[in-house]
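Chain and residue survey
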Amino acid sequence: MMSTDSFSVRLLAWFEKHGRKELAWQINPTPYRVWVSEIMLQQTQVATVIPYYERFMQRFPTVQELAITPLDEVLHYWTGLGYYARARHLHKTAQTVCNQYNGVFPTTLLEMEALAGIGRSTAAAILALSQGQRQTILDGNVKRVLCRYHALTKPPTDPQTLAQLWLFAEQHTPDTQLAAYTQAIMDLGATVCTRSKPQCTLCPLQADCLAYQQGNTAAYPVPKPSKILPVKTTFFIIVQQAMGQVLLQQRPAVGIWGGLWSFPECASFNDVVPWIETNLQLSDYHIENGLSLRHTFTHFHLDITPIYIQSKSTPLAIPLLHTCWYDPHHPPAIGLAAPVVKLLKQLAKLTVGEMLL
DNA sequence: AAGTCGGGGAT
DNA sequence: ATCCCAGACTT
């Protein structure tokens, strides 16, 4: 493999002066701690991750503790981070490490990549950051840095361009100080070579950067052609008892909000009343639709209309599978979809408002 | 190779 | 409103 070029020398010198070295997962960087941080940081920015990471590590200080905890509670600690498959994979891998590796993470790239939720770049990051192995990462930050440095004229999603990026990334990887270098190139992308308004005057790679030489850093990375997102609609049925408990239903393990708890749902407004008549034994109830809210996924917009139902006949029966009465005053440790959290907060305010009247 | 999976921050 | 972020998995 190629040896070092000036790229890593300059980058390491910059990191020594300006890099971040105090992040929680950089302190005592065990494979477990680094692994959890890397999974949380997938598609999620550092500032968002920090409070989640603190809570998670306090509750699950070891891989053993994570492995023996029910998935529902793990999802609870993940609520709001999104990409919930990450949490399911995290739980599964904790059990794999405990059962097949005696609680100790494997030390080869091949074994690491075989674990659920750990791909090529994340496997390399864990080994480099926690053990100083010479492994090459290629995450979103590194892709942006390299697209500019080499002035690549196609989107990083293009297969040939992606292969070229891996090749460049490997050629730039030094033979020593792998933990520092790996952190450094991610830091450069996160703090200097940012998506918009990069701080080129502070960049240690400026002299060799082709995008900078062209005076056109804004042109890189080349964006991939975007699609128009379709709009879907749905209706959340919010049934509330007099004491405040709200009916929730657990979603299937796969698909949107997999395994999370949400309100019972109807695809069409015409289905709402039949659903109520079929599933709830209510003699006397009041129905009222609330203001719609839009939730955007990668591949579509979801317009949600809440349908509020209140009844004086309490308690209501729970005739459905995978349902529970969620008590906002004593919230159980379960995972909630983000729009559900939003609506529950609104509901709490409305309830207080009505009590004041 | 393309589609799927969330939520939030920046612009 | 649009883009995109410390990606991986499924089909």
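Just so we're clear, the structure is a prediction, and the values are computed from it rather than from any experiment.

With that settled, the discussion passes to the overall build of chain A. On a plain count of helices and strands, chain A comes out with 14 helices and eight strands. The buried share of chain A, taken over its 357 residues, is 46%. Sequence separation of 24 or more characterises 66% of the internal contacts of chain A that already satisfy a separation of 6 or more. With an accessible surface of roughly 18600 Å², chain A has 56% of that area assigned to carbon and sulfur atoms. If you average the places of the 27 positive and of the 24 negative side-chain charges in chain A, the two averages end up 7 Å apart.

Before going further, it helps to examine the domain arrangement of chain A. Taken domain by domain, chain A consists of domain 1 (6–219) and domain 2 (231–356). Using C-alpha coordinates to define each centre, domain 1 is positioned 37 Å away from domain 2. Between domain 1 and domain 2, the contact holds eight residues from the first and 14 residues from the second. Buried surface at the junction of domain 1 and domain 2, summed over both partners, amounts to about 780 Å²; 52% is from carbon and sulfur atoms. Summed over the shared surface of domain 1 and domain 2, the number is zero salt bridges. Remark: the boundary between domain 1 and domain 2 carries five residue pairs in polar contact (both at pLDDT 80 or more). Ranked by residue count, the leading element in the side of domain 1 that touches domain 2 is helix α5 (residues 71–78), at four residues.

As a packed pair, helix α1 (residues 6–18) and helix α11 (residues 178–191) sit with axes 9 Å apart at the nearest point and diverge in direction by 75 degrees. Classed by the angle they form, the pair α1 and α11 counts as roughly perpendicular. Counting all contacts with α1, which are made through Phe7, Ser8, Leu11, Leu12, Trp14 and Phe15, the residues of α11 involved are Ala180, Tyr181, Gln183, Ala184, Ile185, Asp187, Leu188 and Thr191.

Another point: the UniProt feature "domain: HhH-GPD" (unreviewed entry) in chain A. Residues annotated in UniProt with the feature "domain: HhH-GPD" (unreviewed entry) correspond here to residues 40–191. What you have in residues 40–191 is 67% helix and 0% strand, and the ends, taken at the C-alpha atoms, are 19 Å apart.

Attention now goes to helix α6 (residues 85–100). Between its terminal C-alpha atoms α6 stretches 22 Å, which fits the 22 Å expected from 16 residues at 1.5 Å a residue. Every buried residue belonging to α6 is among Arg86, Ala87, Leu90, His91, Thr93, Ala94, Thr96, Val97 and Cys98, and all of these are buried. Against α2 (31–41), α3 (46–59), α4 (63–68) and α5 lie the buried residues of α6. Immediately beyond the C-terminal end of α6, within one or two residues, lies Asn102, with a positive phi of roughly 55 degrees.

Glancing now at the packing of aromatic side chains. What the rule picks out here adds up to 12 aromatic pairs. Plain terms: the ring middles of Phe236 and Phe263 are 5.7 Å apart, the flat faces sit at 50 degrees to each other, and that makes the pair tilted. Here Phe263 lies in the loop between β3 (261–262) and β4 (265–266) and Phe236 lies in strand β1 (residues 231–240), a separation of 27 residues in the sequence. We note that Phe236, like Phe263, is buried. Taken together, the ring pairs in this structure connect Phe236, Trp257, Phe263, Phe297 and Phe300 into an aromatic cluster. Sitting over the ring of Tyr52, Arg55 keeps its end group 5.0 Å from the ring centre. When the ring centre of Trp166 is taken as origin, the NZ or CZ atom of Arg120, which lies over that ring, is 3.5 Å away.

Rules of the game
- Residues numbered from 1 in each chain as written.
- Chains lettered and ligands numbered in written order.
- Predicted model: local features only at pLDDT ≥ 70, side-chain atom pairs only at ≥ 80, totals over all residues.
- Heavy atoms only, no water.
- Helix = DSSP H or I, 4+ residues; strand = E, 2+ residues; numbered from the N terminus.
- Buried < 20%, exposed > 50% of the residue type's maximum accessible area, 1.4 Å probe, protein only.
- Contact = heavy atoms within 4.5 Å.
- Areas by Shrake-Rupley, 256 points an atom, 1.4 Å probe, with all protein chains shown as cover.
- Lys, Arg positive; Asp, Glu negative; His and termini not counted.
- Charge placed at Lys NZ, Arg CZ, Asp CG, Glu CD.
- Domains from an automatic or database assignment.
- Buried area = accessible area lost by both parts, 1.4 Å probe.
- Salt bridge = Lys/Arg side-chain N within 4 Å of Asp/Glu carboxyl O.
- Polar contact = N/O pair within 3.5 Å; in protein donor to acceptor, adjacent residues only side chain to side chain.
- Axes fitted to C-alpha atoms, helices over the stretch in contact; angles between N-to-C directions.
- Parallel < 35°, antiparallel > 145°, perpendicular 65-115°, else oblique.
- UniProt positions renumbered as here; feature names shortened; annotations may be inferred.
- Expected span 1.5 Å × (residues − 1).
- Phe/Tyr/Trp six-rings, centres within 6.5 Å; stacked < 30°, edge-to-face > 60°.
- Lys NZ or Arg CZ within 6 Å of the ring centre and 35° of its normal.

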